[in-house]
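Reading the structure
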Amino acid sequence: MTAVRALPRGDFEVRFLTVAEVAGIMRVSKMTVYRLVHAGELAAMRVGRSYRVPERAVQEYLRHSYMSGNATTETA
C-alpha cells in the first residue's frame, strides 16, 4: 500500500500516523519521535494537542538515514 494515492478529482489521500505508531515502526521511544519532530528532522502536523506524521515522511526519513554496512569510519 502506498502512502499517497490519487483520487478521481485529482486530490490526494495521505495516510497519517500517530507518534506511537511512528515509534513502533522505527523501534524507538515516543520521546525520540517528538525530538525528531521538534528538531525539524521529521515532518509532522499538529492536530489539537497531538502530532500526526505523514507515512511518506517516515519512509523518506528512514531512507535518508540509512547507513550501509560498507560505511567506513576515520580514526585519528
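All of these numbers come straight from a predicted model, not from anything done at the bench. (Residues numbered from 1 in each chain as written. Predicted model: local features only at pLDDT ≥ 70, side-chain atom pairs only at ≥ 80, totals over all residues. Heavy atoms only, no water.)

**Structural notes on the overall build of the protein**
Basically, it comes down to this: Helix numbers and strand numbers start at the N terminus; a helix is a DSSP run of H or I with at least 4 residues, a strand a run of E with at least 2. The buried label applies to any residue whose accessible area, calculated with a 1.4 Å probe on protein chains only, is under 20% of its type's maximum; exposed applies above 50%, and partly exposed to all values in between. Note that accessible areas follow from Shrake-Rupley with a 1.4 Å probe, and for residues the cover is restricted to the protein chains shown.
In terms of regular secondary structure, the protein is built from three helices and five strands. Seen in sequence order, the protein has helices and strands lined up from the N terminus as β-β-β-α-α-β-β-α. For the protein, the residues scored as buried account for 22% of the 76 residues in total. On the protein, roughly 6100 Å² of surface is accessible, and the fraction owed to carbon and sulfur atoms is 53%.

**Let's talk about the confidence of the model for the protein**
Threshold: A residue's pLDDT is the confidence the predictor assigns to it, expressed on a 0 to 100 scale.
Across the protein, the average pLDDT comes to 85, with 74% of residues at or above 70. Averaged pLDDT values over the elements of the protein bottom out at 56 in strand E1 (residues 4-6) and peak at 98 in helix H2 (residues 30-38).

**A short note on unusual backbone geometry**
Phi at Arg27 is positive, roughly 60 degrees, even though this residue is not glycine. Mapping Arg27 onto the fold places it in the loop between helix H1 (19-26) and H2. On the accessibility criterion, Arg27 (76% relative accessible area) is exposed.

**Considerations on the pattern of salt bridges**
For the record, the criterion: For salt bridges, the criterion is a side-chain nitrogen of Lys or Arg within 4 Å of an Asp or Glu carboxyl oxygen.
Summed over all chains, the structure comprises one salt bridge. A salt bridge links Glu55 to Arg15; the nearest nitrogen and oxygen atoms lie 2.9 Å apart. Remark: Arg15 occurs in the loop between strand E2 (12-14) and strand E3 (16-18) and Glu55 occurs in helix H3 (residues 55-65); sequence separation between them is 40 residues.

**A look at a nonpolar patch on the surface**
Our working rule: Each patch is built from residues lacking any salt bridge and having more than 30% relative accessible area; the joining distance is 9 Å for like charges and 5 Å for nonpolar side chains (Val, Leu, Ile, Met, Phe, Trp, Tyr).
Judged by side-chain polarity, Phe12, Val14, Phe16, Met45 and Val47 come together as a nonpolar surface patch covering roughly 450 Å² of accessible area. Counting residues per element, the ones that place at least two in the nonpolar patch are E2 and strand E4 (45-47). Of note, Phe12 is situated in strand E2.

**A look at H1**
Put simply, the rule is: Starting at the helix axis, one direction is taken to each C-beta atom, and the arc is that of these directions. Any two residues having at least one pair of non-hydrogen atoms within 4.5 Å are treated as being in contact.
Among the residues of H1, Val19, Val22, Ala23 and Met26 are the ones counted as buried. The buried residues of H1 all sit within an arc of 100 degrees when viewed along its axis, so they share a single face. Lining the buried residues of H1 we find E3, H2, strand E5 (50-54) and H3. Just past H1, the residue Arg27 takes up positive phi, approximately 60 degrees.

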